[in-house]
Amino acid sequence: MVFFLDYLQHRRDRNFKQTQRAQTISSLPPPYHAPLTPSDVSTVSAPIQDLVTSVQKGTTSPLSLLHTYGRVALRAHARTNCLTEILLPSAEKWIADGSVDLSGPLAGIPVSLKDTVVVGGYDATVGYSSFVGNAPAADGGMVRLLKDLGAVPYVKTNLPITLLSFESTNDVWGRCTNPHNKDYSPGGSTGGEAALLALGGRIGIGSDVAGSVRVPAHFSGCYSLRCSTGRWPKAGICTSMPGQEGVPSVYSPMARTMDDLGYFTRVVLAAGAWRYDHTVHPMPWRAEVEREFGERKRLRVGVLRSDGVVEPSPACRRALEMVEGALRREGHEVVEISPPDMREALEVASLLLNADGCKTFKRFFRWGEWNDPGARQMELLMKVPGPLRWLYYLWVKYVRRDEVWAGLVRNWRALSAEENWRLVARREAYRAKWFDWWNEADLDVLITPPNATPAVPHDGMRDAVSSCGYTFLFNFLDYTAGVMPVTHVDKDLDRLPKDFSIKKLNGVARGAYKLYDADKMHGLPVGVQVVGRRLEEEKVIAVMKRIEDALGDAKYQLLEVD
């Protein structure tokens with residue numbers, strides 16, 4: 001009976017939030033429901049600096065910008081189910097009562113937020129029905145900073161329950177779909193944000209613990225930057241894994257265009273975010289570093305072609321080669337590299353992230369609540385009794401001869417404090433190896449795929465949950481990494497070779513390649529990841545911009561806003 005009552009409460013809270021969202025949308029004033037105009041389209045494509053200047057000079061009303069981006073957001077939501085909380089009525093009040101400083105460097109710019117970000121008066125459900133009704137009275141530190149910079153928070157965006165998925169689905173808000181193909185995921189865990197940005201949103205904020213702002217940018221076709229810990233504020237958030245610090249989650253910027261990503265990052269990091277968040281380093285934006293790497297005649301760029309676990313699909317390999325070729329044509333030095341063993345990073349990072357045995361994210365569930373298929377796979381494996389897990393490990397290693405999968409499952413269980421400390425020590429030793437290796441390689445940046453494949457089909461994380469090494473590696477190292485869209489899947493150019501055999505792959509790669517189909521994926525975005533070392537946001541932004549310029553006419557074409 002207790003379980004049944006818990007399930008009924010889950011359904012009531014789920015239905016309440018979906019009804020509340022629908023009623024808020026339907027009750028919005030007429031400007032939000034009007035068709036997009038040529039002026040709206042012009043606003044979406046205008047440089048962000050021009051919009052800020054026009055608001056500060058009084059030639060553009062911040063309310064008119066809010067109406068434009070509200071219309072864009074509602075159209076994107078109708079297409080992808082990307083929105084959770086609709087902040088537009090409050091946003092109008094914030095503009096009118098002076099809560100937003102319209103003299104700031106983001107004057108009047110609407111900013112979308114991952115559902116986890118705390119906004120006063122609104123829930124931050126993280127996709128859990130048990131979090132419904134948790135609205136605080138006051139804004140969190142991140143939102144206070146945005147308002148002081150002149151930004152206008154206007155919507156919150158969809159995500160996966162648990163936050164541990166490259167999909168964005170939950171019972172409370174429903175399934176978010178890819179803006180290019182409704183049968184595919186927009187990415188996760190900041191997938192709703194990516195879907196909105198691809199369809200005309202301006203700038204937004206997400207979080208990243210294993211690729212959660214970078215994979216959505218790759219899957220949906222927008223831009224993102226994974227900042228190092230302590231560089232971007234994270235005060236005022238909800239999470240599915242409070243206390244998890246083995247691989248710290250970071251909050252980071254996302255944008256529709258490269259120019260917007262650079263501007264937004266520059267402004268926030270220059271604003272003294274450490275006054276709003278005790279975890280932020282007192283380290284302002286270093287314009288001289290950005291300028292140096294924006295002007296340096298010859299960069300030394302390493303190409304990381306594989307994560308050592310899953311070889312990149314033809315589409316992802318082609319995107320990387322496009323960037324490599326563009327850099328070479330510009331006269332930059334592009335070199336092959338042999339970094340420290342990356343399989344070790346995936347193994348240790350996975351155990352650290354789930355050292356609690358998946359108990360923390362699971363304790364927020366109500367009975368009968370839908371779980372992400374990838375998170376469910378991790379949880380179920382955690383429950384396998386020790387002797388059976390050991391037998392399974394022996395079978396995988398010595399019968400299937402799969403060293404990769406065996407290394408992941410061998411210790412897949414809840415760890416003691418002593419075991420956790422040992423893993424942290426291994427993490428630090430691994431970071432030291434990369435530190436020495438990078439010094440010896442004398443690189444400016446790396447370029448690498450953001451994932452082995454383009455977007456996964458819905459519920460594909462059941463198979464591909466472990467295929468995250470291309471991004472997870474840099475969370476483990478705490479390196480700065482940005483993702484930019486480069487091209488689209490081409491059914492003719494990106495087919496698998498005729499002699500390709502999935503049976504020959506390790507367990508992680510098999511899960512990824514079960515989902516790869518160039519015909520079905522035709523038209524999906526494909527990105528490239530640009531990686532610097534820790535706290536090198538200025539350098540990565542500068543190099544991303546140079547890569548986009550180097551691509552010239554071949555650069556990625558954004559989805560049209562119509």
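Reading the values: rules and limits
Residues numbered from 1 in each chain as written. Predicted model: local features only at pLDDT ≥ 70, side-chain atom pairs only at ≥ 80, totals over all residues. Heavy atoms only, no water. Helix = DSSP H or I, 4+ residues; strand = E, 2+ residues; numbered from the N terminus. Rg over C-alpha atoms; globule rule 2.2 N^0.38 Å. Buried < 20%, exposed > 50% of the residue type's maximum accessible area, 1.4 Å probe, protein only. Contact = heavy atoms within 4.5 Å. Areas by Shrake-Rupley, 256 points an atom, 1.4 Å probe, with all protein chains shown as cover. Lys, Arg positive; Asp, Glu negative; His and termini not counted. Charge placed at Lys NZ, Arg CZ, Asp CG, Glu CD. UniProt positions renumbered as here; feature names shortened; annotations may be inferred. Salt bridge = Lys/Arg side-chain N within 4 Å of Asp/Glu carboxyl O. Pairing = 2+ DSSP bridges. Polar contact = N/O pair within 3.5 Å; in protein donor to acceptor, adjacent residues only side chain to side chain. Axes fitted to C-alpha atoms, helices over the stretch in contact; angles between N-to-C directions. Parallel < 35°, antiparallel > 145°, perpendicular 65-115°, else oblique. Nonpolar A, V, L, I, M, F, W, Y, C, P; charged D, E, K, R; others polar. Expected span 1.5 Å × (residues − 1). Patch = residues over 30% accessible without salt bridge, like charges linked within 9 Å, V, L, I, M, F, W, Y side chains within 5 Å. Disulfide = S-S within 2.5 Å.

Some words on the overall build of the protein chain
Thinking step 1. Looking only at helices and strands, the protein chain features 22 helices and 13 strands.
Thinking step 2. Its C-alpha atoms give the protein chain a radius of gyration of 22 Å, near enough to 24 Å, the size a compact globule of 562 residues would have.
Thinking step 3. When its C-alpha atoms are laid out on the principal axes, the protein chain stretches across 70 × 70 × 50 Å.
Thinking step 4. By residue count, 63% of the 562 residues in the protein chain fall in the buried class.
Thinking step 5. Considering only contacts within the protein chain whose residues lie at least 6 apart along the sequence, 81% involve residues at least 24 apart.
Thinking step 6. Taken as a whole, the protein chain presents about 21100 Å² of accessible surface, with 53% of it coming from carbon and sulfur.
Thinking step 7. In the protein chain, 68 positive and 65 negative side-chain charges are present, and the distance between their average locations comes to 4 Å.

Comments concerning the UniProt feature "binding site: substrate" (unreviewed entry) in the protein chain
Thinking step 1. The sites that carry the UniProt feature "binding site: substrate" (unreviewed entry) are, in the present numbering, L163, S189, V209, A210, G211 and S212. These annotated residues cover 50 residues of sequence, but their C-alpha atoms sit close together, with the largest distance between any two at 10.8 Å.
Thinking step 2. Take V209: it is sitting in the loop between β6 (203-208) and α8 (214-220).
Thinking step 3. For V209, the residues in contact, after removing those within four places along its chain, are L164, Q244, V247, P248, S249, L353, F472 and N475.
Thinking step 4. You can see G211 is positioned in the loop between β6 and α8.
Thinking step 5. Residues in contact with G211, not counting those within four places in the same chain, are F166, G188, P216, T471 and N475.

Examining the pattern of salt bridges
Thinking step 1. Evaluation of the coordinates by the stated rule reveals 37 salt bridges.
Thinking step 2. Residue R175 is joined to E167 by a salt bridge in which the shortest nitrogen-to-oxygen separation is 3.8 Å.
Thinking step 3. R175 gets classed as partly exposed once you look at its relative accessible area, which sits at 27%.
Thinking step 4. Residue E167 is classed as buried on the basis of its relative accessible area, which comes to 2%.
Thinking step 5. With a shortest N-O distance of 3.4 Å, D459 and R175 are connected by a salt bridge.

Some points on the pairing of β6
Thinking step 1. Among the 6 residues of β6, 6 are classified as buried, and the element is accordingly described as predominantly covered.
Thinking step 2. Burial of β6 is two-sided: the residues I203, I205 and S207 facing one way and the residues G204, G206 and D208 facing the other way are all buried.
Thinking step 3. Inspection of the sheet shows strand β2 (residues 110-114) paired to β6 by 3 bridges, in the parallel sense. Residue V111 lies in a different strand from β6, and its bridge partner there is I203.

Thoughts on the side chain of N371
Thinking step 1. With respect to the element layout, N371 can be found in the loop between α13 (359-362) and α14 (373-382).
Thinking step 2. Of the polar contacts made by the side chain of N371, one reaches the side chain of E379; its length is 3.4 Å.
Thinking step 3. In contact with N371, not counting residues within four places along its chain, are I161, T162, K362, F365, R376 and E379.

Section: the packing of helix α12 (residues 342-353) against helix α19 (residues 469-477)
Thinking step 1. Axis separation between α12 and α19 bottoms out at 9 Å; the angle between their running directions is 70°. With respect to each other, α12 and α19 are oriented roughly perpendicular. Residue-level contacts link M342, A345, L346, V348, A349, S350, L352 and L353 of α12 to G469, F472, L473 and F476 of α19.
Thinking step 2. A class-by-class count of the residues in the contact of α12 with α19 yields 10 nonpolar, 2 polar and no charged.

Things to note about helix α4 (residues 62-80)
Thinking step 1. Under the 1.5 Å per step criterion, the end-to-end length of α4 is 26 Å for 19 residues, consistent within 8% with the ideal 27 Å.
Thinking step 2. In terms of burial, α4 is a largely internal element, 14 of the 19 residues being buried.

With respect to the pairing of strand β12 (residues 481-488)
Thinking step 1. Of all 8 residues in β12, 7 are buried; the element is thus mostly enclosed.
Thinking step 2. Here 3 bridges tie strand β7 (residues 223-226) to β12, and the two strands are oriented antiparallel to one another. Directly across from L225, in β12, lies its bridge partner G482.
Thinking step 3. One ladder, built from 7 bridges, connects β12 with strand β13 (residues 525-531); its direction is antiparallel.

Focus on a nonpolar patch on the surface
Thinking step 1. Together, M1, F4 and L5 give the surface a local cluster of nonpolar side chains, amounting to about 360 Å² of exposed area.
Thinking step 2. Secondary-structure assignment places L5 in helix α1 (residues 2-26).

Some remarks on the state of the cysteines
Thinking step 1. Summed over all chains, the structure comprises 0 disulfides.
Thinking step 2. C468 provides the cysteine sulfur closest to C358, a residue in no disulfide bond, and the two sulfurs are 13 Å apart.

Describing the UniProt feature "domain: Amidase" (unreviewed entry) in the protein chain
Thinking step 1. Mapped onto the present numbering, the UniProt feature "domain: Amidase" (unreviewed entry) falls at residues 70-540.
Thinking step 2. The straight-line gap between the two end C-alpha atoms of residues 70-540 is 31 Å; of that span, 39% is helix and 13% is strand.

Observations concerning the environment of G357
Thinking step 1. With respect to the secondary-structure elements, G357 resides in the loop between α12 and α13.
Thinking step 2. The class of G357 is buried, set by a relative accessible area of 11%.
Thinking step 3. With 58 residues separating them along the chain, G357 and L415 place their C-alpha atoms 7.1 Å apart.
Thinking step 4. With residues up to four places along the chain from it excluded, the contact list for G357 reads M382, R413 and A414.

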